[in-house]
Structures are given as C-alpha cells and as structure tokens.
Amino acid sequence: MTPQEPEKSIDLLNRLKQGDKQAYEKIYFGFSKELLYAAYKKTGDKIVAEELVQNIFISLWEKRLDLQINNLQAYLFGALKLSVINHVRSLVMENKYMEYQTLTYSEDHHDTSNQVDLHDLSSIIEKGINSLPEKTQEVFRLSRYQHQSTKDISTELNISEKAVEYHITRSIKRIKEYIKNFYIFF
C-alpha cells in the first residue's frame, strides 16, 4: 500500500472495523516491512523490532472498533514511535539498576558495606513496589523479575497490551520517585 492511496486506506479501515480479516492482512502486508525497518533502525535489535511491530498490529486488531484513524500510515508510525519510547524507558530503568548492582557488588569484591548497600537498595525497591496498586505490582514483577514479554503478561492477566505498558510505565515512574524521595529523606 502506498501513501498516495488515501481512498483505499479509508476503505480498508472501514472494512477493518467490521472485522474483515482480509483488510487487516492487506494493512499488515502493506506496512509491516516498513514499520519493521523503522523499528530495527531505532532499536538495533531485530527481535525487539519484530515484537514492537507485532504488538502494534495486535493492538490495531483488538482496538479496531474504538480507533478513530484519519491517516493509517501516520497512525501506525506514531504507534511505533510510542512503542520505541516505552521500550527505551524500560531499558533505561533496568540498565540503571543493573549498573548500580554491578558497581556496588562484584564477585571479586565482597566487602560488607557493598553488600549492605545492595541489600538496602533492594529493600527500598521492594518497598517501592509494595506501595504500588496490586495489579501494577503484579505486572511489574512479571515484567522485571520473570522477564515476561508484554504479550505474555497481557495473555496471563487477561488485560490489553496497552494496559500492561501503562502499568510498567507507571510502576517504573513511581519506583524511581520512591527511591529518589527515600534518598532525599536520608
């Protein structure tokens, strides 16, 4: 599908809303390669790029009745941009924690103060997680401790992938604030 075909795009969207799987397939095959290329360019990881693009199309199908799309290409690439941003945010939080762990606790260096610092940080993070609403805690633990994908969490908890992303983003933000406030307090 080319961007020069807005009438065809509108027709496909109308058919998609009616549950037409052929229209969905045409949209998928018309945009998936371009989206995958853009996602790979942004993430540098083929598997992550594939997962992000797949999640966009799953969301498109699941939310087809509620979506108000005027420009299909702009919608899909906007959704990709948000997915990449959310992915990068989660990586940054995870990497900061891993960096801290690496810097304060190495296998070669087992001094007591580092172990105490690591234990304290782990306790603070756990308290921060426990301060979250129950569903948000559950999503966070499945994502960060059990390393489940957004899709797997969505299936397991019977919630949309957008809801999973919302809970993850919310939990990371709240835990960061909790840690920040804890250290400011002390």
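- Named according to an unreviewed UniProt entry, the protein chain is Sigma-70 family RNA polymerase sigma factor originating from Pedobacter agri.
- A UniProt comment under Sequence similarities (unreviewed entry) is attached to the protein chain, and it reads "Belongs to the sigma-70 factor family. ECF subfamily."

## As for the packing of aromatic side chains
Phase 1: Under the criterion given, the structure shown has 4 aromatic pairs.
Phase 2: Ring centres 5.2 Å apart and planes at 65° place the aromatic pair Tyr24 and Trp61 in the edge-to-face group. Placement of Tyr24 in helix α2 (residues 21–43) and of Trp61 in helix α3 (residues 46–62) is noted, with a sequence separation of 37 residues between them.
Phase 3: A residue is classified by how much of its surface remains accessible, and Trp61, at 22% relative accessible area, is partly exposed.
Phase 4: Ring geometry for Phe140 versus Tyr145: centroids 6.0 Å apart, planes at 75°, classification edge-to-face.
Phase 5: Of the residues examined, Tyr145 reaches a relative accessible area of 42% and is grouped as partly exposed.
Phase 6: Connected via pairs of aromatic rings, a cluster forms that spans Tyr28, Phe29 and Phe57.
Phase 7: For Arg64, the ring lying beneath its charged end belongs to Trp61, and the centroid distance is 3.8 Å.

Calculation rules
Residues numbered from 1 in each chain as written. Predicted model: local features only at pLDDT ≥ 70, side-chain atom pairs only at ≥ 80, totals over all residues. Heavy atoms only, no water. UniProt positions renumbered as here; feature names shortened; annotations may be inferred. Phe/Tyr/Trp six-rings, centres within 6.5 Å; stacked < 30°, edge-to-face > 60°. Helix = DSSP H or I, 4+ residues; strand = E, 2+ residues; numbered from the N terminus. Buried < 20%, exposed > 50% of the residue type's maximum accessible area, 1.4 Å probe, protein only. Lys NZ or Arg CZ within 6 Å of the ring centre and 35° of its normal.

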